[in-house]
Amino acid sequence: MNTENALPIFAALLQKTRNGSRYAGRVLEADAALLDWLQENYTTPCNRTEILSLLQQSGLNLQDETALARAVRRLRKQVMVKLILRDLNGLADLDEVMQAMTALAEVVVQHAQVCLMQTLEAQFGTPLGAFSNTAQQLLIIGMGKLGGGELNVSSDIDLIFVYAEEGETNGARTLSNHEFFTRLGRRLINIINEATGDGYVFRVDMRLRPYGDSGPLVMSFAALEEYLISQGREWERYAWIKARVIAPATHASIVELNRLYQPFVFRKYLDFGAIDSMRKLHAQIRQEVQRRDRLGNIKLGPGGIREIEFTAQVFQLIRGGQDARLRILPTRQVLKQLAENGQLSARVVADLDAAYVFLRNLEHRLQYLDDQQTQELPEKPEDQQIIATAMAYADYAALLHVLDRHRALVSQQFEQIFGETTQEQNNAQLWREDISADELTQGLENLAYRTAPDSAQRLLQMRVSSRYRQLSNLGRQRLDQLIPQFITLSAQYSDPDATLSRMLALLEAISRRASYLAFLAEYPQALQRLIRLVSSSSWAAGYLAHHPALFDELLDARELYQPPQWPQIELDMQARLGEHANDAERQLEVLHYVQQEQIFHLLAMDLQGLLPLEKLSDHLSELADLVLRHVLMLAWAGARKRHCDKASFAIISYGKLGGKEMGYASDIDMIFLYDDEHADAQENYARLGMRINSMLGSYTASGRLYETDLRLRPNGASGLLVSSVAAFAEYQQSQAWVWEHQALTRARFSAGDSRVGAEFERIRQHVLSLPRDIEKLRAEILSMRQKMHDGHPNRSDLFDIKHDRGGMVDIEFMVQYLVLAHAHAYPQLTVNDGNLALLKIAAEYGLINEKLAEQVRNLYRTLRQTQHRMRLNDVTPCRVAPGEIDISASLRLWAELFPATSQP
C-alpha cells in the first residue's frame, strides 16, 4: 500500500470502526500502542498463525501464571479490535471472524494448560495411569460453537475436562490424578475467566459436564462412559455433536475418547427409544417457533440461528450413526452435506446458509457494540442506526426488512420439516431439556401462571436435581410424560403456581416408585382428580406424597365421595386383620392403611364441599375411636403377660377427640383406666398402656397413626401411666386442679371395656356436678386463661383466631365455666355434645342471652372453619387481619360471665 495514502485510508477505516463499536473505541483510546499495532497489521487476515506469533512476541514465560494471564488478555484485545475493524470495513468474512475467535480460544487454553501442567508437575510429579503406568494428560473438550469452530466474538466457551485413567502422581508429594487435574482445571478457568484490571479472555461455562454444576469438575474416561450410558439425556446428545478436544492439540487418548462418546451421540439403529426421543426433539423444535416474546432475539427467536442449527443437528442425530459424513462439526458444512446427500434441496440449503451468514454477521455487530454477549435487537434508536449502518443498510427499517425475509424463510423451512405446532406440544416443550429460564417463564405466563419466574425455577431445579438424574431411563420417560400434563392441568386452577409446586413435590416423593408413575400415566382421570385435590390443599398434597398407595382410591369417583359406613368399615377391617392373624406387624400395617384410606376419602369429600366441618369432625373422631379399639385389642393379644383374656381396661379421650372436634392432623389426648383387682393388673396394664402408646405414636414404613399426649392423667407426666377407676375418682374429687375439671368437660370413653367406660362417665358427671364457689371458679379460670395467653404470645398485627381475646380458646373457656358453675343445678350441661350444643343448652336454661349465644355459636363455627381452611394449606399459626372476623359477640359474652375483670 502507498504510504502516502495509507494514513487517510486507515483513518477512514478507524472512524467506521469507532462508529460501529463503542468497545473498540474505548480500548483504542486507552492504548496508543495497540492503535499503532492495528495500523500496521490490519490488512492481513487474522488467523491462528498470527495469534500464535503475537503471543510469542509478548515475551511469554510459560512458567509464570500471572504473566500468562496478562499476555492472553492483551492478546484478546488485539484480536478483537483487528476483527472488528476488518469485519466492519468489509475486509473479513464470517468464516475469518469465527475461525479467528475459535483459534484464540484454543491457543489460550492450550498455553494455559502447558503452563499449569509444568507448575503442578514441579510440585507433585507426573500423573500416571494406574493400569498403563503412562503419563496422563487432561483433555479439554470444547463444546458448542467452540467445538464447532464457530465461536462468536463475545461468546463464552463451553468446556469439559476429562482424563484417561485414575492413578496418582509420582512426585515426593503425591496427588490422585483426579485431584491433580481438578487443581489444574480450576486454575485454568481462573486464568481465562477471571476479570482483572486487564479484563478477561473468555467467560468459561462448565455446565455441560456430566451432572452439571453439581458434578465433579474433571472426570475419568470410565466415569464419563458410565454416565453417558446410564444417565445421558437427549439434550446431551445435541451438546456432544459439537464435542472436540481442543487441548492438547494432539494426544493418543483423543482417539479413545472419540470411540467412547460417539456411540452415545450417533446411534447405529433406530429402535423404539430412538423414535420416542425424536418425538421429543420434534416437539422441542416446534416450541421454539412459538416463542413470540423472543422476536427480538436473533438466536433464539423464530427464524433465528437456533432453528438453523436444530435443522442440521436433527439430521445428524437421525442419520449420523449410519452416515459418517454427517459426523462433522460446523453448521454450514453439515447443511452442505445434507444437500449433497439429497436430504435437503440445494435451494433450501442455499436459503438456510444465506440466512445463517446474515444472522451471524448481525449477531457479531450486536456484540461489537459493547463487547456484550447478546443476540437481542437494540431498543434505542441511536443503537438501531449504528447496527443498520454496520450491516450496510441506510436505516433500521431497511435492515429489518431483510432480516424479516431471512427469518421467514427459516421459519417456513422449519415448519415444513417438523410440522405445525399444537397447544399440547407447546406445553410439552415447557419440560424441554435445553429450555432457558426466560423461555420457560414466558411459557408459563402464557398459561396464566401468576409467579411464573418462581415456577420456572422450580421446574429447572427439578430437571437438574440428583433425584431426577438418578432415575432409571424408564422412570425418566414416565416423569417426562407427566410433568407437561402437570403444567397444563395446574393452569386450570385459581393458583396454578401453588398447584404445580405441590404436584412437583409429590412427584419427587414418588419418583423412584415406577409403579406410581405408571399409574398416573395410565389413568388420566385419576390424575385430574389428584390435581383437583392438590390444588385445593397443600396439606392434601403432602399427605398423598407420604401415602402414594392411596392413588388407587382415585380410580372410582363413586366410591371416593361416598360417606363412610363405619359398621361395614369395621367388619372389613376385622376380616383383613384376620388374614394376618399371626403377624402383628402386618396387622398394624392394615390399621395404618384403613386409617389413611378413610382420611383420604373424608379429605376428598371435604375438598369437594360435601361435608360440613362438624360432620367431618364426627367422622374423624369415629375413625380415631375405631383405630383405638383395634390397637388396644392387638396390643393386649400380643402382650407377653396377661392375667385375663379380656382386659378390664379403657382408653379415655380428652381434647379434640374427647369433644369430637378432630381435624386431619389432630393429636390424641388420652388417659388409661382399669377396674381389676388382680395382683398383676397394675403392672400388666401399665405395659399395655405403653404398648398402645408406642403402636399409635411410633413411625413405621407406613407412617404414624396418631401423635399422642398422656399428660392429662392424674398427676400429669409424673403420675402413673395407668390408674384404677377408684384412684381416678379419688384424685378428681380431692386433688385435681380446676383446669383438670375444665378438661373433663371434653372427656369421654373411646375404646376398651365399656363397663370401665361407664364407670368413668359416672365419675365425670359427678365431678362436674359438684357445687363450686363461683367467684373462686372465675378467678381460677381467669388465671389459667392468662397462663395460656402468656404461653402463646402474638407479636404480630394479625388476629390469632385460636389464642387471641375473643377467639376459640375464650369461647371454650366460657363453655367450661358454664358447665362447672351450673352443672350442679342443670345436669344436662354435663353431656359431652360439644361446645355448640352446650352453648345452646346454656341459653335454653337462661344462663346466657339466647341471641348472644347464637351469635357466639356462629362465631365459633366461623373460627373453626377458618382455622380448618388455613390448616388445609399448612398456614400456622392461624391468623387473619383484624376485623376480618367479627368477634364482638365473644367479647360481650366474656364481659357478662367475667364482669369487672380484664380480658387476657
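Please refer to the structure placed before this passage.
Another aspect to go through is the overall build of the protein. Within the protein, the regular secondary structure consists of 40 helices and 14 strands. Over its C-alpha atoms the protein spans a radius of gyration of 38 Å, topping by over 25% the 29 Å that the globule rule assigns to 904 residues. Each of the three principal axes of the protein carries a C-alpha extent, and together these read 125 × 65 × 55 Å. Looking at the protein as a whole, 56% of its 904 residues are labelled buried. Considering only contacts within the protein whose residues lie at least 6 apart along the sequence, 73% involve residues at least 24 apart. Total accessible area on the protein is roughly 38900 Å²; 49% of this is exposed by carbon and sulfur atoms. Of the charged side chains in the protein, 97 are positive and 112 negative; the average position of the first set lies 1 Å away from that of the second.

Turning our eyes to something else, we now look at the pairing of strand E3 (residues 157-163). Within E3, seven of the seven residues are buried, leaving the element largely enclosed by the surrounding structure. On E3, burial covers both faces: Ile157, Leu159, Phe161 and Tyr163 on one face and Asp158, Ile160 and Val162 on the other are all buried. The pairing of strand E2 (residues 139-143) with E3 spans five bridges and is classified as antiparallel. Looking at E3, one finds that Leu139 is bridged to Val162. With two bridges joining them, E3 and strand E5 (residues 204-205) adopt parallel strand pairing. When the sheet's bridge partners are listed, Asp158 is paired in E5 with Asp205. Across three bridges, E3 lies against strand E6 (residues 218-220) in parallel orientation. When the bridges of E6 are listed, Val162 appears paired with Met219.

In this section: the packing of aromatic side chains. Taken as a whole and assessed by the stated rule, the structure comprises 19 aromatic pairs. Look at Phe728 and Phe760: their rings are 5.8 Å apart centre to centre, the planes differ by 45 degrees, and that puts the pair in the tilted class. Of this pair, Phe728 sits in helix H33 (residues 725-734) while Phe760 sits in helix H35 (residues 754-768); the two residues are 32 residues apart in sequence, bridging distant segments of the chain. An aromatic cluster is present here, built from Trp636, Phe649, Phe672, Tyr674 and Tyr685 joined pairwise through their rings.

Right, let's talk about the nonpolar core for a bit. In this structure, Leu530, Phe551, Phe649 and Ile692 are the most contacted members of the largest nonpolar core, which totals 98 residues. No other element matches helix H30 (residues 613-637), which puts 13 residues into this core. With sequence-adjacent residues up to four places away left out, Leu530 is seen in contact with Met503, Leu506, Leu520, Leu544, Phe551 and Leu554. Among the nonpolar cores identified, the runner-up in size contains 68 residues, and Val27, Leu34, Phe161 and Met206 belong to it.

On to the packing of helix H5 (residues 65-88) against helix H6 (residues 94-124), then. Look at H5 against H6: their axes get within 11 Å of each other, and the N-to-C directions meet at 175 degrees. In terms of orientation, H5 and H6 fall into the roughly antiparallel class. Taken together, the residues of H6 that come into contact with H5 (itself represented by Glu65, Leu68, Val72, Leu75, Arg76, Val79, Met80, Leu83, Arg86 and Asp87) are Glu96, Val97, Ala100, Met101, Leu104, Val108, His111, Ala112, Cys115, Leu116 and Thr119. Looking at the contact of H5 with H6 residue by residue, the classes come out as 14 nonpolar, two polar and five charged.

This part takes up the side chain of Thr708. Assignment of secondary structure puts Thr708 in strand E10 (residues 708-709). A polar contact is formed between the side chain of Thr708 and the side chain of Asn693, at a distance of 2.5 Å. Apart from residues no more than four positions distant in its own chain, Thr708 is found in contact with Ile668, Met670, Asn693 and Leu696.

Turning our attention to the packing of H5 against helix H15 (residues 346-370). Packing of H5 against H15 brings their axes to within 11 Å, and their N-to-C directions diverge by 130 degrees. Considering their axes alone, H5 and H15 lie oblique with respect to each other. As H5 packs across H15, the resulting crossing turns out to be left-handed. For the pair formed by H5 and H15, the contact residues are Leu83, Ile84, Asp87 and Leu88 on the first element and His364, Arg365 and Tyr368 on the second. Classifying every residue of the contact of H5 with H15 gives four nonpolar, one polar and two charged.

This next bit is on empty space enclosed by the protein. Using the criterion set out here, one finds four cavities of 30 Å³ or more in the structure. A volume near 40 Å³ is recorded for the second largest cavity. Lining the second largest cavity, in full, are Leu430, Trp431, Arg432, Glu433, Ile435, Leu440, Leu459, Leu460 and Arg463. In terms of residue count, the dominant contributor to the lining of the second largest cavity is helix H20 (residues 452-464) (three residues).

As a further point, take helix H23 (residues 496-510). The end-to-end C-alpha separation of H23 is 21 Å, in line with the 21 Å expected for 15 residues at 1.5 Å each. Taken across its 15 residues, H23 has 12 buried, putting it largely inside the fold. Every buried residue belonging to H23 is among Pro496, Asp497, Ala498, Thr499, Leu500, Arg502, Met503, Leu504, Leu506, Leu507, Glu508 and Ile510, and all of these are buried.

According to the stated counting rule, one finds 46 salt bridges in the structure shown. Its salt-bridge partner being Arg48, residue Glu106 comes within 2.0 Å of it at the nearest N-O pair. A residue pair is termed long-range when its members are at least 10 positions apart, and Glu106 in helix H6 and Arg48 in helix H4 (residues 48-57) qualify at 58 residues. The partner of Arg450 in a salt bridge is Asp495, with the nearest N and O atoms 3.8 Å apart. In this pair, Arg450 is assigned in the loop between helix H19 (437-446) and H20 and Asp495 in the loop between helix H22 (473-490) and H23, connecting sequence segments 45 residues apart. Of the residues examined, Arg450 reaches a relative accessible area of 58% and is grouped as exposed. Residue class for Asp495 comes out partly exposed when judged on its relative accessible area of 31%. One salt-bridge network, held together by shared partners, links Arg22, Arg26, Asp370 and Asp383.

Rules behind the numbers
- Residues numbered from 1 in each chain as written.
- Predicted model: local features only at pLDDT ≥ 70, side-chain atom pairs only at ≥ 80, totals over all residues.
- Heavy atoms only, no water.
- Helix = DSSP H or I, 4+ residues; strand = E, 2+ residues; numbered from the N terminus.
- Rg over C-alpha atoms; globule rule 2.2 N^0.38 Å.
- Buried < 20%, exposed > 50% of the residue type's maximum accessible area, 1.4 Å probe, protein only.
- Contact = heavy atoms within 4.5 Å.
- Areas by Shrake-Rupley, 256 points an atom, 1.4 Å probe, with all protein chains shown as cover.
- Lys, Arg positive; Asp, Glu negative; His and termini not counted.
- Charge placed at Lys NZ, Arg CZ, Asp CG, Glu CD.
- Pairing = 2+ DSSP bridges.
- Phe/Tyr/Trp six-rings, centres within 6.5 Å; stacked < 30°, edge-to-face > 60°.
- Core = buried A, V, L, I, M, F, W, Y, C linked by side-chain atoms within 4.5 Å.
- Axes fitted to C-alpha atoms, helices over the stretch in contact; angles between N-to-C directions.
- Parallel < 35°, antiparallel > 145°, perpendicular 65-115°, else oblique.
- Nonpolar A, V, L, I, M, F, W, Y, C, P; charged D, E, K, R; others polar.
- Polar contact = N/O pair within 3.5 Å; in protein donor to acceptor, adjacent residues only side chain to side chain.
- Left-handed = near helix turned anticlockwise from the far one by under 90°.
- 1 Å grid on protein atoms, 1.4 Å probe; cavity = no way out; pocket = protein on both sides within 12 Å on 5 of 7 lines; lining within 4 Å.
- Points joined across faces, edges and corners; volume = space filled by probe spheres on them.
- Expected span 1.5 Å × (residues − 1).
- Salt bridge = Lys/Arg side-chain N within 4 Å of Asp/Glu carboxyl O.

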